Structures are given as structure tokens and as C-alpha cells.
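Listed below, chain by chain, are the residues.
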Amino acid sequence: MRVMERSFREQLFFLVLCLSVLKGDSRYIENNEISKDELYSFFNSELKREIPEELMYRRPLRCLDMVAVEGQFTFTAEHPQLSCAAFFMAEPTEVISVEFDNVDIDCQGGDFITVFDGWVMKGEKFPSSQDHPLPVYERYVDYCDSGSLRRSVRSSQNVAMVFFRIHNAGSTFTLTVRKHINPFPCNVISQSPEGSYTMVIPQQHRNCSFSIIYPVEIDISEFSLGHYNNFPKRSMPGCAESGDFVQLLGGNGIDTSKLLPITDLCISFTGPTHMKIGCDNTVVRMVSSGKFVNRVSFSYRLLDSQELQTIKLNNVEDFCFNN
Amino acid sequence: MKLNVLLWVVALLALLLPRSADCRPSIAPTAHHLLPQPLLLRLGEEFSLRLGGAGLSSSSSSSSSSSAVNRALLQLTQRLLQAQAEQQQQQEEEEGEGEGEEKGKRSEEPPISLDLTFHLLREVLEMARAEQIAQQADSNRRMMDTFGK
């Protein structure tokens, strides 16, 4: 009799437990809206940080535009716009994703929206083909060719741009721009003419460039090329033989492979590290073999008109007047 | 039995596999016509007008000087675009003759490009930075308003 009562009690407790679970009286995991409520959300290291709808920044997109903020940008053609482009820019440690939304264009009529992974100006591209993992044609993503398959395009560096052509008035499209953290930035265009930056290539066989589209005075404060840690810095001719070195380039284009070398740093450097470079584009480029962790730190500031004039007068050569 | 299974598999494959001819987008000829030609833009004209009349606080204070700058920029950009157009026409004539040899070289040329001076690029960059600062300030204000409630 007691055994029966005991087994009955156990069964009763088990039944009550099951009913409680099904009813939901047990603890539940609160959705704190940071991680997506998906089956494999735990494996996704990127937290959901979507801006709430009411706080999303919105404004019209202009035919020539530059966007440095997240948000939604809508272009509506008031008349045919055959030649338009918008630049996107983020912080050095960020990459940009561009999402096509509410696209109403006539692809068959010749309209297109093309996102480019980088910047293109006067036939020159940044990053250059040498420094970018993708071939040129893969860096262009045309909505009309792949819109249904790729609604979102992510850049490899902190800059991207979009070209678009609209033939019919009233056609419209929206681009949603978001920024994502890039823990190991490689190719960067500086947002400002002044600042400081440390470029690190952690044992990767790649070349990285930091581009400053202003005439600047640059001061390389520290660089270490893995096996030459803490050695005094000295520039020597023939750095190209070394697999790891830092180049200082200058010129009037954005393609780093077409800029002229000002100096190379590969072993060590003694003496002044300040250089005034009067070029439209100054680039610090690091070539890395992948064997070491290479690091270079530098700061830069804008040259004023007086300094530019002085540099120009003091130099005979036509090349960007570096001092 | 096996023959039936094989026939079913073949039929399913025939239905599910895409037909390459049908799936080729109809705009491809147009796109191929568009893509190899650099895209020449009337940016100087458009941008200069917008810079002077877009109502931006940074440019409204010096309208007379900025209009002169805009005219200069407009002329410069139009000349650049014209030179680029002439160069492109010459290139197309040359490319028609030696297309096979230069195909490898041309594949590295960006199919769409933008003729913009560094000066204009810096101008739009500064506008974008001003917008970023203003938007950040607005976002901070909203956050402070929310925290204060």
C-alpha cells in the first residue's frame, strides 16, 4: 500500500512538473534584443545592433554625394540622371555595408546601380589591384545583374562607393548604409587631414596602405618589423629586397601602385622622422611577408598654404615637392 | 524498375537545372556596352550648382567667392571631361584594332570611373564630416533626453 502511494505520488509530481513546464511557469530567457532570436545565434559573433526604426537617420541621396553616417538614403529622380556617384566613408576600423531597398528602376532601359568595393577616381582605384583580394570586376556589384541574389554588399575597407544612372523621372531607390567593426583594418583612407594611426599586420602576407588625401607633414614615431623590434630605425637603399618594409608614397592619384616612392623604411631609422609632403595624396604603405607582426605608428597634420609655398620654392623637382 | 527510377531522375534534373540561354539577363548586351566605357559625369556643373545653392551653412556665407570658385571648377571639370572623352574615343579606335592583345591589360582598368578633382573630393568630404558631427550631436541630445526622463 505504501509502495503504491509512493509510486502514485511520484507520478503525480512528474505530471505536475510536466504541466508546469508546458504552461511556461518555469524561467524563460529574456530577449534582450542584442542577439538575434535564431537557432544558431550563439555561433554568430556579430551582435545585433540595428538602429531602431524611429532613430534611423534618413535623408535624400544627391547625385554627387558623400556619406559618412549610417542611415537610409533615398534617391528619387526628378529628371533623368545619367551620371551619379556617391562615396561612402567610415572610420579606419570600420567597414561599410550597403543594402538595396525599395528599388524601382528600369534595368532593361539602361538604369543601373553599381556598388564598388573601394573608391574610383579618374580611372584609378583605391585600394589598388595589388592590395585588394578581389579582381577588379568582382569589386563591382551591379543591382541589375545580381539584385535578387545580393541585396547587401560589404566593403573590404573603410571606403566604398556607388554609381547609378536613372533614365526615368520618378524612379527611386533606397540604400541602407551600415558600419561594422573591422578588427584588423588594412587599407584605409583617412577621413581627416590630421590625426595619428597605428597600422598592424599580424603575420599576414599582404600589403596595406593608409592614404591621406591632403598635403601633410608626417611623423613616423615608431615602427617594428617583427624581428627588428626595438632596433633603432634607419632607412637603407634597397628595401625592396627585404620582405617587410614600410613605404612612404606620394602623388596626385589614389592608386597607390601609381604613386612615386618618397622613402622606404626597412631596417632601422636614425635621424628626423618628419617629412613634409606637398602631394595631393600621401600614403604610408606596409609590405609584409607574413612571417612577423609588423607595426608602424605615425601622426600627420595638414600643411598650410605658407608651408606649401615654401616647399614649392625650395624644390627643383616637379614631384610633389617633398621636404 | 531501375530504368523507371533513372527516367524520373533525368526528368527531375531537366526540370530543376537552369537553362543557361533563358536565364541570361536581357540587359546583358546593354550592360556589356555600358561597362567597358568609363562613365563620364557632369559633376562639375551639378556639384558646383549644389555647392553654391544647396543651403549649406558653410558655403552660404561666402557666396560671391564660392560662385567664382564654382565657375572655375566648372570650367576645369568640363575640360577634363572633354579631354577624357576625346581620349576615350581614341582608345576605342585603337582598341578596335588590337583588342586581343590588350584584353589582359584592359581587364585591370575600372569599367566605371569618376572624373573628380581632389579639391572637389575634399569639399564633399568636409560636408560629410560636418553632417556626421551634426548627426552625432543630435544622437547625443536624444540619448540625454531619454536618460533624463
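Residues numbered from 1 in each chain as written. Chains lettered and ligands numbered in written order. Predicted model: local features only at pLDDT ≥ 70, side-chain atom pairs only at ≥ 80, totals over all residues. Heavy atoms only, no water.

A. Structural context of the pattern of salt bridges. Evaluated as defined, the whole model comprises 13 salt bridges over all chains. The residue Glu222(A) makes a salt bridge to Arg295(A) at a minimum N-O spacing of 2.7 Å. Separated by 73 residues along the polypeptide, Glu222(A) in strand β16 (residues 216-225) and Arg295(A) in strand β23 (residues 293-302) bring together distant segments of the chain. Residue Glu222(A) is classed as partly exposed on the basis of its relative accessible area of 33%. Linking Asp138(B) and Arg141(B) is a salt bridge whose minimum nitrogen-to-oxygen distance equals 2.7 Å. (Salt bridge = Lys/Arg side-chain N within 4 Å of Asp/Glu carboxyl O. Helix = DSSP H or I, 4+ residues; strand = E, 2+ residues; numbered from the N terminus. Buried < 20%, exposed > 50% of the residue type's maximum accessible area, 1.4 Å probe, protein only.)

B. Structural view of a nonpolar patch on the surface. All names here are of chain A. A grouping of Phe8, Leu12, Leu15, Val16 and Leu19 is seen on the molecular surface, where their side chains present a nonpolar patch of about 480 Å² in accessible area. Summarising the element assignment, leucine 15 is placed in helix α1 (residues 2-23). For leucine 15, a relative accessible area of 47% gives the class partly exposed. (Patch = residues over 30% accessible without salt bridge, like charges linked within 9 Å, V, L, I, M, F, W, Y side chains within 5 Å. Areas by Shrake-Rupley, 256 points an atom, 1.4 Å probe, with all protein chains shown as cover.)

C. Representation of the pairing of strand β15 (residues 207-212) of chain A within the structure. Residues and elements named next belong to chain A. Here β15 lies mainly inside the structure; five of its six residues are buried. Of the strand pairs in this sheet, β15 and strand β22 (residues 281-287) are connected by six bridges, and their pairing is antiparallel. Residue pairing in the sheet places isoleucine 212 in a bridge with threonine 282 of β22. (Pairing = 2+ DSSP bridges.)

D. Main features of the sheet that holds strand β9 (residues 140-142) of chain A. Residue and element names in this part refer to chain A. Spatially, five strands are ordered β2-β4-β11-β6-β9 in an open sheet, and the strand pairing comes out mixed. Two strands in the sheet have a free side with no partner beyond their single neighbour: β2 (64-67) and β9. Averaged over all adjacent pairs, the angle separating strand axes in this sheet is 20°, with direction ignored. The pairing of strand β4 (residues 81-89) with strand β11 (residues 159-166) spans seven bridges and is antiparallel. Each residue of the ladder has a partner; that of methionine 89, found in β11, is valine 159. (Axes fitted to C-alpha atoms, helices over the stretch in contact; angles between N-to-C directions.)

E. Main features of the pairing of β23(A). Residues and elements named next belong to chain A. Examined bridge by bridge, strand β14 (residues 195-202) and β23 share eight bridges and lie antiparallel to one another. Note on β23: the bridge partner recorded for serine 196 is serine 299. Of the pairings in the sheet, the one linking β16 to β23 comprises nine bridges and is antiparallel in character. Counterpart to leucine 225 in the pairing with β23 is asparagine 294.

F. Representation of the interface of chain A and chain B in the model. Across the boundary between the two partners, chain A contributes 51 residues, which contact 36 residues of chain B. In this assembly, chain A packs against chain B so that about 4000 Å² is buried in total across both faces, 64% of it on carbon and sulfur atoms. Linking chain A with chain B are two salt bridges, by the criterion used here. Between Glu131(B) and Arg59(A) there is a salt bridge; the shortest N-O distance is 2.4 Å. Our enumeration of links across chain A and chain B arrives at 10 residue pairs in polar contact (both at pLDDT 80 or more). Here the element with the most residues in the side of chain A that touches chain B is β4(A); it accounts for seven residues. Tallied by class, residues from the side of chain A that touches chain B come to 28 nonpolar, 13 polar and 10 charged. (Contact = heavy atoms within 4.5 Å. Buried area = accessible area lost by both parts, 1.4 Å probe. Polar contact = N/O pair within 3.5 Å; in protein donor to acceptor, adjacent residues only side chain to side chain. Nonpolar A, V, L, I, M, F, W, Y, C, P; charged D, E, K, R; others polar.)

G. Expanded view of the nonpolar core. One finds Phe87(A), Trp119(A), Phe163(A) and Leu121(B) to be the most contacted residues of the largest nonpolar core, which totals 55 residues. Here this core takes six residues from helix α8 (residues 118-148) of chain B, the largest share from any one element. One finds Phe73(A), Ala77(A), Ile96(A) and Val153(A) within the second-largest nonpolar core, a separate group that totals 29 residues. (Core = buried A, V, L, I, M, F, W, Y, C linked by side-chain atoms within 4.5 Å.)

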